[in-house]
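Residue-level listing of the chains:
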Amino acid sequence: MTTAEKKREHRKLEILQSAKEVFAEKGFHAASISDVIKRAGIARGTFYLYFTSKDAVLESILDLAILELQSRIIGVDVAEGAPPAVLLLHQNVSRVLEYMLADRALIQLILNHGLPPDTTLAHRVDAFFGHVEELIESSLIYGMSVGLVRKCDAGLTAAQILGALRGGIRRLTKAQDDIDVQPIASQLIDFALRGVIVSKD
């Protein structure tokens, strides 16, 4: 990228961050482009150089979040000598948790929007979680193909895992202190792999 392109990309990310904060604080529908412009400290004309509407900003926020999540999920290597699959899974979950918990505005926006199901934001958030569910489902299918995951309904299981993750992240975002994601990642993986029943075998 040229210096000019880097500067433009940096400005775009600044606008998106400001928009996330405004949407999380005021709610997507109550927030206005003027609110975003004021938070970002830019002119109205500058905003429209990057985005055509408030909806376009939301699209970019959620699309970027999906890309960030995808970049943190590394395929499990089952070749001889590769690290244990559970270790790689732990690293994946830790990276995802670190990203989500570091961006409280994003979490507030997608988990606590509290809007009727026929609104733009509700539809877009549903699509966002649909993408996340597809990522989990494809991982399960791959895991079954290489013998790391027991045979199951990958779609249903992915929905169940996503539900547990959403609930766990919503609870964690209420914490005021810094959060150590390592033991939390271990607990999530334990829950997904073993449930909560103590085995007597």
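1. What to know about the overall build of the protein chain
If you tally the helices and strands in the protein chain, you get nine helices and zero strands. Counting helices and strands in the order they occur from the N terminus, the protein chain gives α-α-α-α-α-α-α-α-α. Seen along its three principal axes, the alpha-carbon backbone of the protein chain occupies a region of about 65 × 40 × 35 Å. In the protein chain, which comprises 201 residues, the proportion classed as buried is 34%. Residue pairs in contact within the protein chain that sit at least 24 positions apart in sequence constitute 62% of those at least 6 positions apart. Element-wise, carbon and sulfur atoms account for 55% of the exposed surface of the protein chain, whose accessible area totals about 12100 Å². For the protein chain, the separation between the mean place of its 23 positive charges and that of its 25 negative charges on side chains is 5 Å.

2. What to know about the nonpolar core
Of all hydrophobic cores here, the largest spans 48 residues; its most connected members are Phe-23, Phe-47, Val-57, Ile-61, Leu-97, Ile-110 and Phe-128. Elements with a minimum of two residues in this core: helix H1 (3-26), helix H2 (33-40), helix H4 (54-71), helix H5 (85-102), helix H6 (104-111), helix H7 (120-145), helix H8 (154-172) and helix H9 (181-194). Element by element, the count of residues in this core is highest for H7, at eight residues. Beyond its immediate chain neighbours, meaning those up to four positions away, Val-57 contacts Leu-16, Ala-19, Phe-23, Phe-47 and Phe-51.

3. Structural notes on empty space enclosed by the protein
Under the definition given, this model contains one cavity of 30 Å³ or more. Space inside the largest cavity adds up to approximately 40 Å³. Leu-16, Lys-20, Ile-61, Leu-64, Ala-65, Tyr-99, Asp-103 and Leu-106 together form the lining of the largest cavity. Of all elements in the fold, only H1 and H4 reach the threshold of two or more residues within the lining of the largest cavity. For the lining of the largest cavity, the leading source of residues is H4, giving three residues. Among the residues making up the lining of the largest cavity, the classes are represented as six nonpolar, no polar and two charged.

The rules behind each value
- Per chain, residue numbering runs from 1 following the sequence as it is written.
- Reporting in this predicted model follows two pLDDT cut-offs: at least 70 for local features of residues, and 80 or more for side-chain atom pairs to be given and counted; totals over whole chains, interfaces and linings ignore these cut-offs and use all residues.
- To get the side-chain values, take all heavy atoms of the structure and skip hydrogens and water.
- Think of it this way: any DSSP run of H or I at least four residues long counts as a helix, any run of E at least two long counts as a strand, and we number them from the N terminus.
- Between buried and exposed lies partly exposed: a residue is buried under 20% and exposed over 50% of the maximum accessible area for its type, with that area taken using a 1.4 Å probe on protein chains only.
- Whether two residues are in contact is decided by their heavy atoms, any of which lying within 4.5 Å being enough.
- Residue burial considers only the protein chains on display, and all accessible areas are found by Shrake-Rupley using a 1.4 Å probe.
- We score Asp and Glu as negative and Lys and Arg as positive, and we do not count His or the chain ends.
- Every charge is mapped onto a representative atom, which is NZ of Lys, CZ of Arg, CG of Asp or CD of Glu.
- By nonpolar core is meant a set of buried Ala, Val, Leu, Ile, Met, Phe, Trp, Tyr and Cys residues that side-chain atoms within 4.5 Å join together.
- Here a cavity denotes grid points, spaced 1 Å and computed from the protein atoms alone, that fit a 1.4 Å probe unable to get out, and a pocket denotes an open set having protein on both sides within 12 Å along at least 5 of 7 lines; residues with an atom within 4 Å of a point are the lining.
- Grid points are joined across faces, edges and corners, and a volume is the space filled by probe spheres set on the points.
- For this scheme, ten residues count as nonpolar: Ala, Val, Leu, Ile, Met, Phe, Trp, Tyr, Cys and Pro. Four count as charged, namely Asp, Glu, Lys and Arg, and the remainder, Gly too, count as polar.

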